[in-house]
Amino acid sequence: QQQRPPAGSTGGPGGPLTAAALAAAPPGVQKQMLGEKLFPAISKYQPELAGKITGMMLEMDNSELLILLESEQQLKGKVDEAMRVLEVQGRS
């Protein structure tokens, strides 16, 4: 019989981040929790810019970030959008 993780747990490093687990965390910790999930997901698409793109995305609302973490397709779209923004900034 396995022990259940405590209520504030995110289900371990490999588990999904739930809205309940996020809500239970202090606001400052919430962005860190989201960043720790976003970074490896973004790294699949843009390994060299994952840190910068993660930072850009963490400025979004937490509820939007949870949606991105649940939808690979929406996440990819946001990564592509961030790349376009970075390309424009790089040219100016």
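In the block above lies the structure referred to throughout.
Helix and strand counts for the protein stand at five helices and zero strands. Scanning the protein from its N terminus toward the C terminus, one meets helices and strands in the order α-α-α-α-α. Within the protein, the fraction of its 92 residues that count as buried is 33%. Across the protein, every contact between residues at least 6 apart in sequence was considered, and the portion connecting residues at least 24 apart equals 49%. As displayed, the protein offers around 6200 Å² of accessible surface, 55% of which is attributable to carbon and sulfur atoms.

Let us now look at helix α3 (residues 50–57). All buried positions along α3 are accounted for by Ala50, Ile53, Thr54 and Met57. Projection of α3 onto a plane perpendicular to its axis shows the buried side chains occupying an angular sector of 105°, all on one side.

Packing of helix α2 (residues 27–43) against α3 brings their axes to within 9 Å, and their N-to-C directions diverge by 135°. Here α2 is positioned oblique relative to α3, judged by the angle of their axes. When the axes of α2 and α3 are compared, the crossing they make is right-handed. Contact residues: α2 offers Gly35, Leu38, Phe39, Ile42 and Ser43, while α3 offers Ala50, Gly51, Ile53, Thr54 and Met57.

Of the residues making up helix α4 (residues 62–70), those classed as buried are Asn62, Leu65, Leu66 and Leu68. For α4, the arc enclosing every buried residue in end-on projection is 160°, short of the 170-degree limit, so these residues lie on one face. If you follow the buried residues of α4, they end up packed against α1 (19–24), α2, α3 and α5 (72–91).

Ranked by size, the top nonpolar core spans 21 residues in total, and within it Leu17, Ile42, Ile53, Met57, Leu65 and Leu75 carry the most contacts. Residue assignment for this core shows that the elements contributing at least two residues are α1, α2, α3, α4 and α5. Setting aside residues no more than four positions away along its own chain, methionine 57 makes contact with Leu38, Ile42, Leu65, Leu68, Leu75, Lys78 and Val79.

Turning our attention to the packing of α2 against α4. How two helices sit against one another is set out by the angle between their axes and by the gap between those axes. Put simply, α2 and α4 touch, their axes get as near as 11 Å, and they point 20° apart. Regarding the angle of α2 to α4, the classification is roughly parallel. Considering how the two elements wind past one another, α2 and α4 form a crossing that is left-handed. Seen from α2, the contacting residues are Gln30, Lys31, Leu34, Lys37 and Leu38; seen from α4, they are Asn62, Leu65, Leu66 and Leu69. Partitioning the contact of α2 with α4 into residue classes produces five nonpolar, two polar and two charged.

Parameters at a glance
- Residues numbered from 1 in each chain as written.
- Predicted model: local features only at pLDDT ≥ 70, side-chain atom pairs only at ≥ 80, totals over all residues.
- Heavy atoms only, no water.
- Helix = DSSP H or I, 4+ residues; strand = E, 2+ residues; numbered from the N terminus.
- Buried < 20%, exposed > 50% of the residue type's maximum accessible area, 1.4 Å probe, protein only.
- Contact = heavy atoms within 4.5 Å.
- Areas by Shrake-Rupley, 256 points an atom, 1.4 Å probe, with all protein chains shown as cover.
- Arc of directions from axis to C-beta.
- Axes fitted to C-alpha atoms, helices over the stretch in contact; angles between N-to-C directions.
- Parallel < 35°, antiparallel > 145°, perpendicular 65-115°, else oblique.
- Left-handed = near helix turned anticlockwise from the far one by under 90°.
- Core = buried A, V, L, I, M, F, W, Y, C linked by side-chain atoms within 4.5 Å.
- Nonpolar A, V, L, I, M, F, W, Y, C, P; charged D, E, K, R; others polar.

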